[in-house]
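Remarks on the overall topology
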Amino acid sequence: MHVKVKLYGTLRRLSQKEKPGIWEGEIPFEMTAMDLIYFLGTTEKEIANASINHIVCPLSQSLHEGDEIVLVPNIGGG
Amino acid sequence: MEQKYDGFHGRILRVDLSIQKVSVEEVDPRLFRIYFGGGALAMHYLLKEIPKGIDAFDPENRLVFMTSPLTGAKMSGQGRHTAAALSPLTGGLADSQCGGWWGAELKFAGYDGIIIHGKSKHLVNILIQDDKVKILDAEPLRGKTTGEVQEFLKEAYPSVRILQAGPAGENLVRYACVSADLKNFHGRGGLGAVMGSKNLRAIMVQGSNREIKIANPQGLKEIRDWFNKNLKTHPAISVHHELGTSKGIVPVSVSGLLPTYNFQDGSFKYAEEISGETMKKVLNGKTETCYACGVSCKRSVEGEKGKFKVTRQYGGPEYESIGLLGSNLGVNEITAVAALNERCNALGLDTISTGATISWAIECFERELLTEEDTEGVKLKWNDPETYMELLNDIAYRNGFGELLSQGSNGASQMTRRGTEKYAIHVKGQEPPNHEPRGKWGVALGYAVSNTGADHLQSAHDPWFTQLGDFSKECNWIDLEDLSPVGIIDPLPAEDISGAKVRLFVYLQQIWGFHDVLDWCIFTSVPEFRALSLYQLTDIVKHVTGWRTSLFELMKSGERWATLGRAFNYKHGFTSKDDTLPDRFFEPMREGTLKGHYVDREKLEEGIKMYYEMMGWNEQGKPTRGKLEELNIGWVWEEIKEL
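Residues numbered from 1 in each chain as written. Chains lettered and ligands numbered in written order. Predicted model: local features only at pLDDT ≥ 70, side-chain atom pairs only at ≥ 80, totals over all residues.

1. Section: unusual backbone geometry
Excluding glycine, most residues fall at negative phi; most peptide bonds, likewise, are trans. All names here are of chain B. Non-glycine residue Glu368 carries a positive phi angle of around 65 degrees. Checked against the element boundaries, Glu368 lands in the loop between α13 (351-366) and α14 (372-375). Positioned with a positive phi, Glu376 is a non-glycine residue whose angle comes to about 55 degrees. Structurally, Glu376 is set in the loop between α14 and α15 (385-397). (Helix = DSSP H or I, 4+ residues; strand = E, 2+ residues; numbered from the N terminus.)

The following block contains the structure:
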């Protein structure tokens, strides 16, 4: 299954080298947004919100072919 | 002049502009030990010297610039200084910290601070070159942009660092800012207008003693080396270096916390288009830094699109400016946002209050509470940056409709009435920055009780403290454990104002407060970023000053800062009734991820009451005599006891 993940803030470190802020590719099995977070190498503790195809969703939501997922961390003030 | 004490000089420059007199005041070193510096030491003078009942534009208002013992030491995070005065925007305290290089330069010139009072008969600049201090005619500079003045002064004095008010300050726009070398700002509270009211355009500083004497250079070097080694691999700091504060636009919008359309919504459809990521690509975003700082998070942009062009002369927009000149005005293109930011900087306008005052006018126009008669023919609508660009000039020079807008949203709505007051989003007269409080109630409490009006830097923001931390992970910087040295161990929901949340807020306010009295940047340390720990911050103070101090004492300095500000405001007529939010934040959010969320008014009021109790203030929010004595500022009681 092919998905595109847009990564913001501290999550940007998980992006592919040639694509800052992006992880795009095949995921090896059916996943929820929560599975994807672990697959990318972090935990839900770092995630403030996720959206799939521009709609904010719970992390239990399943991913589908061609989905665009946005993952954002908590941001403070400054 | 040889530095007298480790970390500081014990010398303050006094300038009376009415009689054009300059003098140097030796300061009892105990004052630095009690207050540390920054906002707290500035308030020591403001409280003692500003008479009750005066207007902010009265020559008797004091404008204080202050540093701390850490300013100018070779370490990331110390490149800030304070400006404080009676605010023309709120009628209470203006207390603002600014990054850059000016504060360090002032220390190099042999001074810890400057107190300015009186009013010059004509526009002047102050030139400080070590012991030589001159007051120079600046009338030929009247009306010129900050960039023009910077170029003119730099040609005559190439090595000076320059603080200046812009045309907006000269014209007493109530939210005029003070610019430091064009790219750093005392943005809030109208400090530029206080400069303008004194007929002071710029303060130039050049120092020859470029090494701050400190008690334990080796100790500081060890922390500096540790920080410099780790910041390169620290994910929060590395992304902050790459994108700056603007990295937050999309995450905050997705989380429903991005002020949009005059704080009606919390998510902006075009957040990506005005994000830091887009700015880097479209405007060739580069990084700049403050004095001796390795984080290097300042923006520098250039580019052109349509009628908008930006250059690197004024740096680039930060997160707050992008929100208030972008999403909150419905502007969906980053070059336009950057151009509006640049124009504000050139005119000396605070980007936050400027954007929020225009958004107030647009909403009122939409609701037919303002008409073309009021706007002098300007048709106001969202996402119309060309019109906003013209309005910026009108505000700064107080032409046409800009005359009304120059008063800020509260002032303008009070002059207009007709129900427009409801759409002026402000606390104590100051408009909120780019953080929607309906999804983080600690920020709501901070906005309400802040002594400077709505201010996002009263404490760290709630979402960071909603989960237990996990030190087993290398990359997890939302840890409560970082705050465990002060006894904060339990996660709390973001939309909560329980006793536990108020306690969290009080401790965080003390931590934020000691950052301000040390003029220390939150972007190097806990809890904004998990970099320097609370213990390391304490050690830095020890290494610089040689004082046998502690985290306890730093926390107390933050509490003292908050209480001094409260006493100052109390002296100038503020009471508990001023500690509240605009109605909009008590109403359900219109759109976005947090659609329908609101701040519970009763719970907030209960939280404010509890905050007073924890702070040792009475039900009117007035500091008690016992609390003042406990904070070693018992003298303050004489300033407020009769009120």
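Right, picking up where we left off after that structure.
2. Considering the sheet that holds strand β1 (residues 2-7) of chain A
All names here are of chain A. Taking strand neighbours across the sheet as the criterion, the five strands line up as β2-β1-β5-β3-β4 in an open arrangement whose pairing is mixed. Edge positions in the sheet fall to β2 (22-26) and β4 (55-57), since each of these pairs with one other strand and no more. Each strand of the sheet is rotated relative to its neighbour by a mean of 25 degrees, with strand direction disregarded. Pairing of strand β3 (residues 49-52) with strand β5 (residues 68-72), which is carried by four bridges, proceeds in the antiparallel orientation. Bridge pairing in β5 places Ile52 opposite Ile69. (Pairing = 2+ DSSP bridges. Axes fitted to C-alpha atoms, helices over the stretch in contact; angles between N-to-C directions.)

3. Focus on the interface of chain B and chain A
In this complex, chain B contributes 30 residues to the contact, which on the side of chain A involves 22 residues. Secondary-structure elements contributing two or more residues to the side of chain B that touches chain A are α8 (235-243) and α9 (249-254) of chain B. A breakdown of the residues in the side of chain B that touches chain A according to their chemical character gives 16 nonpolar, nine polar and five charged. (Contact = placed C-beta atoms within 7 Å. Nonpolar A, V, L, I, M, F, W, Y, C, P; charged D, E, K, R; others polar.)

4. Overview of the sheet that holds strand β4 (residues 81-86) of chain B
All names here are of chain B. The strand order across the open sheet formed by six strands is β2-β1-β6-β3-β4-β5, and the pairing between neighbours is mixed. Because the sheet does not close on itself, it has two edges, and the strands there are β2 (21-26) and β5 (93-98). The average undirected angle you get between the axes of adjacent strands in this sheet is 15 degrees. Pairing of strand β1 (residues 11-16) with β2 involves six bridges; the strand directions are antiparallel. In the sheet register, Arg14 faces β2, and the bridge partner there is Ser23. Docked against the sheet, helix α2 (residues 38-49) engages β3 (63-66), β4, β5 and β6 (113-117), running at close to 30 degrees with respect to β4.

5. So, the nonpolar core
In this structure, Val64, Leu349, Ala444 and Leu445 of chain B are the most contacted members of the largest nonpolar core, which totals 219 residues. Look past the residues within four positions of Val64 of chain B in its chain and what remains in contact with it is Ala42, Tyr45, Leu46, Ala84, Ala85, Gly113 and Ile115 of chain B. (Core = buried A, V, L, I, M, F, W, Y, C linked by C-beta atoms within 7 Å. Buried ≥ 20, exposed ≤ 12 C-beta atoms within 10 Å, placed from the backbone.)

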